[in-house]
Amino acid sequence: MVNPVHLRTLLEVIRHGSFSGAAVSLGYTASAVSQQMSALERDTGATLFTRAARSAVPTDAALAMARHAAKVLTDIDALLASTARAGSGPAHELRLGIFPSLATFALPRLLRMPEWQRLGVSLRLFVGEPAHAIQGLRTGGDLDLALVYQVGQAGLAWPSTLSRQWIGDDDFRVILPASWGIRSGSRVTADQLADMPWIMHHPGTADATVIERLFASCNLHPRIAAYCDDFNASLELTAAGLGAALVPELAMVNRPEGIVALDVPEIRLARSIFALRTGDADDARVRLFMDQLADILRSQSIGPKHTTPGYAPPSER
C-alpha cells in the first residue's frame, strides 16, 4: 500500500528539484525526505530519482507517478474537507490573509474555477499588507493562512512558531510612459534612466530602503516626481506621463494603456512570496487552496523553478 504522505513528498521533491528544497517546504529534514522516497521506491518497485550531491533528478517513472499522485491527493483532500464540513459546519471555512496585488490577480481566477467551486471550501478574507496579516496569525487565531511577501532580507519578521512555505518570486519591472518614445522590451542601461523623473516608494519603509540601495549600486540617483506606495496609482501615473516606476509583475496584470516595460540589466529585483501558517493549520482546506494557487501562479511564471539543477528557495541561499 502506497503511503499518501510519501506521494505528497514526491511532488515536493519534483517541484523543488532536491530533497533539501522539499524538506524546507514540508518542514522535514532532508534525511527524512530521502527516507520517504526510499520507502516509496521499495513500495512501488520503481527507481524514482537519479541522486546527486545537491539535486534529485526525477526519472520517467517518477514523473508518471506524480501525474497520478496529484489527482489522488486532491481527491483525498476533497474527501477530508467534505467530511469536516458535514461533521462540524464551520470547518469548511478558510480564513486567509493576503496582500492586495496577489488578491487582485489570484482570487478572482480561483473563485471562478469549477475545481475550486466543487470543493465547497469558502474563504473569509483579510486583504492587507504583510505585517497586518502576520499580526492576524499572532493574535489568537484570526487567520488560518497568510500569504505575504518580502523584498530583500529585511523589513518583515514572523514568529518562529509559524511554518513557512516559499511560493515563488515576483519580479519587479521598470516601466515608463509610452509617450516618451521608448519601445517596450528595449534593453537600456541605468545611466540612460538617470535624468528621468521617477515615482518611488515613500522613504523610510523597508521596500524603499532596498530599492534605494539597488539604485545607488547602479549610480542611479532618481529625480523624484512622486512618492507612492500604491502600485495601481503608480501604474496610472506612469501611463499619464508623470514618471518611471518599479512595479512587480503581479501588479501589472491589469495595467492601463500607455505603459512600456524595459529590460534594465542592472536593475534586477524580486519580492519573495511566502505562505505562513500556524502548526495546527496544515489541514485539507489549506492544502487544497495551496494546490489551486500554485496552478494559478504558474500561469504567471511565478513559482519554484524545479527544472533548474541546484536551484534553491531563498531560505537555502
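The rules we used
Positions within a chain are numbered from 1, following the residues in the order the chain's sequence is written. Under the rules for a predicted model, residues below a pLDDT of 70 receive no local features and side-chain atom pairs below 80 are neither given nor counted, while totals for whole chains, interfaces and linings still include all residues. As a rule here, side-chain values come from all non-hydrogen atoms in the structure, and water together with hydrogens is ignored. We count a stretch as a helix when DSSP gives it H or I for four or more residues in a row; a strand needs E for two or more, and each element gets its number in order from the N terminus. Working definition: with a 1.4 Å probe on protein chains only, accessible area under 20% of the residue-type maximum means buried, over 50% means exposed, and in between means partly exposed. It only takes one pair of heavy atoms within 4.5 Å for two residues to be counted as in contact. Method for areas: the Shrake-Rupley scheme with a 1.4 Å probe, in which residue coverage is limited to the protein chains shown. The pairing test for Phe, Tyr and Trp rings, Trp by its six-membered ring, is centres within 6.5 Å, and the orientation test on the planes gives stacked under 30 degrees, edge-to-face over 60, and tilted for anything in between. A ring is scored as having a charge over it whenever the NZ atom of a lysine or the CZ atom of an arginine sits within 6 Å of its centre and within 35 degrees of its normal. Structural elements are reduced to axes, namely lines fitted to C-alpha atoms, with helices fitted over the stretch in contact, and the angle between N-to-C directions of any two is expressed from 0 to 180 degrees. Under this scheme an angle from 65 to 115 degrees is roughly perpendicular, one under 35 degrees roughly parallel, and one over 145 degrees roughly antiparallel; angles in between are oblique. Three classes are used: nonpolar for Ala, Val, Leu, Ile, Met, Phe, Trp, Tyr, Cys and Pro, charged for Asp, Glu, Lys and Arg, and polar for all others, with Gly counted as polar. Side-chain atoms within 4.5 Å link the members of a nonpolar core, which is a set of buried Ala, Val, Leu, Ile, Met, Phe, Trp, Tyr and Cys residues. We count a salt bridge whenever a side-chain nitrogen from Lys or Arg sits within 4 Å of a carboxyl oxygen from Asp or Glu. Pairing between strands is defined by DSSP: at least two bridges between the two strands are required. Each residue carries a pLDDT value, the predictor's own confidence for that position, ranging from 0 to 100. Handedness of each helix crossing follows the sense of rotation of the near helix against the far helix: counterclockwise by less than a right angle gives left-handed, clockwise gives right-handed. One less than the residue count of a helix, multiplied by 1.5 Å, gives the span that helix is expected to have. In protein, a polar contact requires one atom able to donate a hydrogen and another able to accept it; more generally it is a pair of N or O atoms within 3.5 Å, and residues adjacent in sequence count only if both atoms are side-chain atoms.

### A word on the overall build of the protein chain
Turning to step 1, where the next piece is worked out: Within the protein chain one finds 10 helices and 11 strands.
Turning to step 2, where the next piece is worked out: Every one of the 317 residues in the protein chain was classed for burial, and the buried ones make up 47%.
Turning to step 3, where the next piece is worked out: Sequence separation of at least 24 residues holds for 75% of the intrachain contacts in the protein chain that already meet a minimum separation of 6.
Turning to step 4, where the next piece is worked out: A total of about 15200 Å² of accessible surface is found on the protein chain, and carbon and sulfur atoms cover 53% of it.

### Focus on the packing of aromatic side chains
Turning to step 1, where the next piece is worked out: Considering all chains together, one arrives at 6 aromatic pairs under this definition.
Turning to step 2, where the next piece is worked out: Taking 4.9 Å as the distance between ring centres and 80° as the angle between the ring planes, the aromatic pair formed by phenylalanine 99 and tyrosine 149 counts as edge-to-face. Separated by 50 residues along the polypeptide, phenylalanine 99 in the loop between β3 (93-98) and α5 (100-112) and tyrosine 149 in strand β5 (residues 145-151) bring together distant segments of the chain. The residues phenylalanine 99 and tyrosine 149 share a single accessibility class, namely buried.
Turning to step 3, where the next piece is worked out: Pairing phenylalanine 172 with phenylalanine 231 gives two aromatic rings, centres 6.5 Å apart and planes at 70°, and the pair type is edge-to-face. With a gap of 59 residues between them, phenylalanine 172 in strand β6 (residues 163-177) and phenylalanine 231 in helix α9 (residues 231-239) connect regions that are remote in the sequence. Each member of the pair phenylalanine 172 and phenylalanine 231 is classed as buried.
Turning to step 4, where the next piece is worked out: If you follow arginine 271 out to its NZ or CZ, it ends over the ring of tyrosine 149, 4.6 Å from the centre.

### Structural notes on the packing of α5 against helix α10 (residues 284-298)
Turning to step 1, where the next piece is worked out: Contact geometry for α5 and α10: axes closest at 10 Å, N-to-C directions at 110°. In terms of axis orientation, α5 runs roughly perpendicular to α10. Residue-level inspection shows Leu102, Phe105, Ala106, Leu107, Arg109 and Leu110 of α5 in contact with α10, the latter providing Phe289, Gln292, Leu293, Ile296 and Leu297.
Turning to step 2, where the next piece is worked out: For the contact of α5 with α10, a count of residues per class yields 9 nonpolar, 1 polar and 1 charged.

### Points about the nonpolar core
Turning to step 1, where the next piece is worked out: Membership of the largest hydrophobic core comes to 64 residues, with the highest contact counts inside it found for Leu102, Leu147, Leu193, Trp198, Phe215, Ile267 and Phe289.
Turning to step 2, where the next piece is worked out: In terms of residues, this core owes the most to one element, α10, which gives 7 residues.
Turning to step 3, where the next piece is worked out: Residues within four places of phenylalanine 215 in sequence aside, it is in contact with Trp198, Met200, Leu220, Pro222, Leu246 and Ile267.
Turning to step 4, where the next piece is worked out: In this structure, Leu10, Phe19, Met37 and Phe49 belong to the second largest nonpolar core, which totals 19 residues.

### Here's the deal with the pattern of salt bridges
Opposite charge on two side chains allows them to pair when their charged atoms are near.
Turning to step 1, where the next piece is worked out: Per the counting criterion, the structure on display carries 9 salt bridges.
Turning to step 2, where the next piece is worked out: Among the salt bridges present, the one from arginine 51 reaches glutamate 41, with a minimum N-O distance of 3.4 Å. Highlighted residues: arginine 51 in strand β1 (residues 49-51) and glutamate 41 in helix α3 (residues 30-44), separated in sequence by 10 residues.
Turning to step 3, where the next piece is worked out: Residue class for arginine 51 comes out partly exposed when judged on its relative accessible area of 39%.
Turning to step 4, where the next piece is worked out: Put simply, aspartate 295 and arginine 298 hold a salt bridge, and the shortest N to O gap is 2.3 Å. In this pair, aspartate 295 and arginine 298 are both assigned in helix α10, 3 residues apart and thus about one turn of the helix distant.

### What to know about the pairing of β5
Turning to step 1, where the next piece is worked out: When you tally the buried positions in β5, you get 7 out of 7 residues, the bulk of the element.
Turning to step 2, where the next piece is worked out: Every second residue of β5 is oriented toward a common face, with Leu145, Leu147, Tyr149 and Val151 on one face and Ala146, Val148 and Gln150 on the other, all of them buried.
Turning to step 3, where the next piece is worked out: The pairing of β3 with β5 spans 3 bridges and is parallel. Bridge pairing links glycine 97 to alanine 146 in β5.
Turning to step 4, where the next piece is worked out: As judged from the 7 bridges shared by β5 and strand β11 (residues 270-277), these two strands associate in the antiparallel manner. Bridged to tyrosine 149 within β11 is isoleucine 273.

### Thoughts on the confidence of the model for the protein chain
Turning to step 1, where the next piece is worked out: Per-residue confidence for the protein chain gives a mean pLDDT of 84, with 88% of residues at or over 70.
Turning to step 2, where the next piece is worked out: For residues 305-317, every residue scores under 50 in pLDDT, and the model assigns this stretch 25 contacts once sequence neighbours within four places are set aside.

### With respect to the environment of leucine 162
Turning to step 1, where the next piece is worked out: By the element assignment, leucine 162 lies in the loop between β5 and β6.
Turning to step 2, where the next piece is worked out: Taking the C-alpha atoms as reference points, leucine 162 and threonine 278, separated by 116 residues in sequence, lie 4.9 Å from one another.
Turning to step 3, where the next piece is worked out: With near-sequence residues (within four places) excluded, leucine 162 lies in contact with Leu137, Leu276, Arg277 and Thr278.

### Digging into the packing of helix α1 (residues 4-16) against α3
Turning to step 1, where the next piece is worked out: At a minimum axis separation of 9 Å, α1 and α3 run at an interaxial angle of 115°. The crossing of α1 and α3 is left-handed. Facing Val5, His6, Leu7, Thr9, Leu10 and Val13 of α1, the residues of α3 in contact are Val33, Gln36, Met37, Ala39, Leu40 and Asp43.
Turning to step 2, where the next piece is worked out: For the contact of α1 with α3, a count of residues per class yields 8 nonpolar, 3 polar and 1 charged.

### Considerations on α1
Turning to step 1, where the next piece is worked out: Across its 13 residues, α1 extends 19 Å between first and last C-alpha, which sits within 8% of the 18 Å expected from 1.5 Å per residue.
Turning to step 2, where the next piece is worked out: Of all the residues in α1, the buried ones are His6, Leu7, Arg8, Thr9, Leu10, Glu12, Val13, Ile14, Arg15 and His16.
Turning to step 3, where the next piece is worked out: If you check the start of α1, you find a side-chain oxygen 2.9 Å away from the backbone N of valine 5, and it comes from asparagine 3.
Turning to step 4, where the next piece is worked out: A positive backbone phi angle near 80° is found at glycine 17, which sits one or two residues after α1.

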